[in-house]
Amino acid sequence: MCETNHTPAAAREFSVKSNGREIAFTSTLSNAEMLQTLFLMSNGSNFARDLYRVRDRLSSAQLAWGHKLAVDHLRPAAVAVAAPLNMSQVFDLLDTAAASGLKYPKLRFGLSDGRVLTLSVAGPMSKAPGTMKVVTGSRANGDDVFRGRARRGGDFSAARNCPPEVFALLESLAADPRAVIVANGRLNGVCCFCARVLSDARSLAAGYGDTCAGNWGMPWGAASMSAASLVSAAVPEWVAADNAALAAARADDEANPGRFDNLDRVPCDC
Ligand SMILES: [Zn+2]
């Protein structure tokens, strides 16, 4: 089994009713971790999406269901390591950035414990040149932990200690990296390419900054956003449709300090 690299919340007992049957289970997720997981699931699960939308006013039954969905979603992650993730779409993005002249292209995503997941292509002097390195860490402390490696052409091998949250995020990235980048940027208000806070309304709408969009081959700005079926197709429908939910998500983030403590809190100038 995977182990998380932070102290888990105290285990809590929940029970939900399904088809008249009572199902009892234990969750070690904090409510914030549960919500982060529901957010990641919201593309494929209407139930998760609906619960996430009312996250500020969950009844006790809904809270229990939120934990049930999140726990079930995270559980198969360790088993799924046997089925390789194909990271070729993420390689394509990193290659595009390198071709644009970026020396060390990196993708960075905040995790629920405040650490940052970083994906980058290993340089020529590294142990495995050209492979994609996946690490988590707090950049300020230089305490990166290796979580796995993907070979060019595809397959990702998770390290034994790869946390379920990291594996779940990588699964989403393998399936549709652009959708994850857009949704993550909008939710957290941070550009995953340069790790800067998004201060421009158009960047917040896109989920990343203007300069980064150019470097990474992503659409940006009102015209390209509406023209690009890429983004409108990739963004979960409810994110695109519900500006109020976006504003609430950002307010949540403000009220939830610590998540991006290790990222530069400088306005994105891109
Ligand atoms: Zn940026």
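Heads up: the structure comes first, above all this text.
Conventions adopted
Residues numbered from 1 in each chain as written. Predicted model: local features only at pLDDT ≥ 70, side-chain atom pairs only at ≥ 80, totals over all residues. Helix = DSSP H or I, 4+ residues; strand = E, 2+ residues; numbered from the N terminus. Buried ≥ 20, exposed ≤ 12 C-beta atoms within 10 Å, placed from the backbone. Contact = placed C-beta atoms within 7 Å. Axes fitted to C-alpha atoms, helices over the stretch in contact; angles between N-to-C directions. Parallel < 35°, antiparallel > 145°, perpendicular 65-115°, else oblique. Left-handed = near helix turned anticlockwise from the far one by under 90°. Nonpolar A, V, L, I, M, F, W, Y, C, P; charged D, E, K, R; others polar. Pairing = 2+ DSSP bridges. Expected span 1.5 Å × (residues − 1).

A.B. asks: What's the story with the overall build of the protein in this structure? I'm lost.
C.D. replies: The helix and strand inventory of the protein stands at 13 helices and eight strands. Counting only residues that meet the buried cut, the protein has 41% of its 270 residues in that class. Considering only residue pairs separated by 6 or more positions, the protein has 53% of its internal contacts joining residues 24 or more positions apart.

A.B. asks: When you look at the packing of helix H1 (residues 31-41) against helix H2 (residues 46-53) in this model, what are you seeing that I'm missing?
C.D. replies: Two packed helices can be described by the angle between their axes and the distance between those axes. In contact at an axis separation of 8 Å, H1 and H2 are set at 130° when each is read in the N-to-C sense. The orientation of H1 with respect to H2, classified from their angle, is oblique. Seen from above, H1 lies across H2 with left-handed handedness. Residues Leu35, Leu38, Phe39 and Met41 of H1 form the contact with H2, whose participating residues are Ala48, Leu51 and Tyr52. Residue composition of the contact of H1 with H2, by class: seven nonpolar, no polar and no charged.

A.B. asks: Sorry if this is basic, but what is going on with the pairing of strand E7 (residues 145-150) here?
C.D. replies: Put simply, side chains in a regular strand alternate between the two faces of the sheet. The sheet contact formed by strand E6 (residues 132-137) and E7 spans five bridges and is antiparallel. Bridge pairing in E7 links Thr136 to Val145. Relative to strand E8 (residues 155-158), E7 runs antiparallel, the two sharing three bridges. Bridge pairing in E8 links Ala150 to Phe156.

A.B. asks: I'm lost on helix H7 (residues 177-188) in this one. Help?
C.D. replies: For H7, spanning twelve residues, the distance from its first C-alpha to its last is 16 Å, which sits close to the expected 16 Å at 1.5 Å a residue. With twelve of twelve residues buried, H7 lies mostly within the body of the structure. Along H7, the positions that sit buried rather than exposed are Pro177, Arg178, Ala179, Val180, Ile181, Val182, Ala183, Asn184, Gly185, Arg186, Leu187 and Asn188. The positive-phi residue at the C-terminal boundary of H7 is Gly189, with phi of around 70°.

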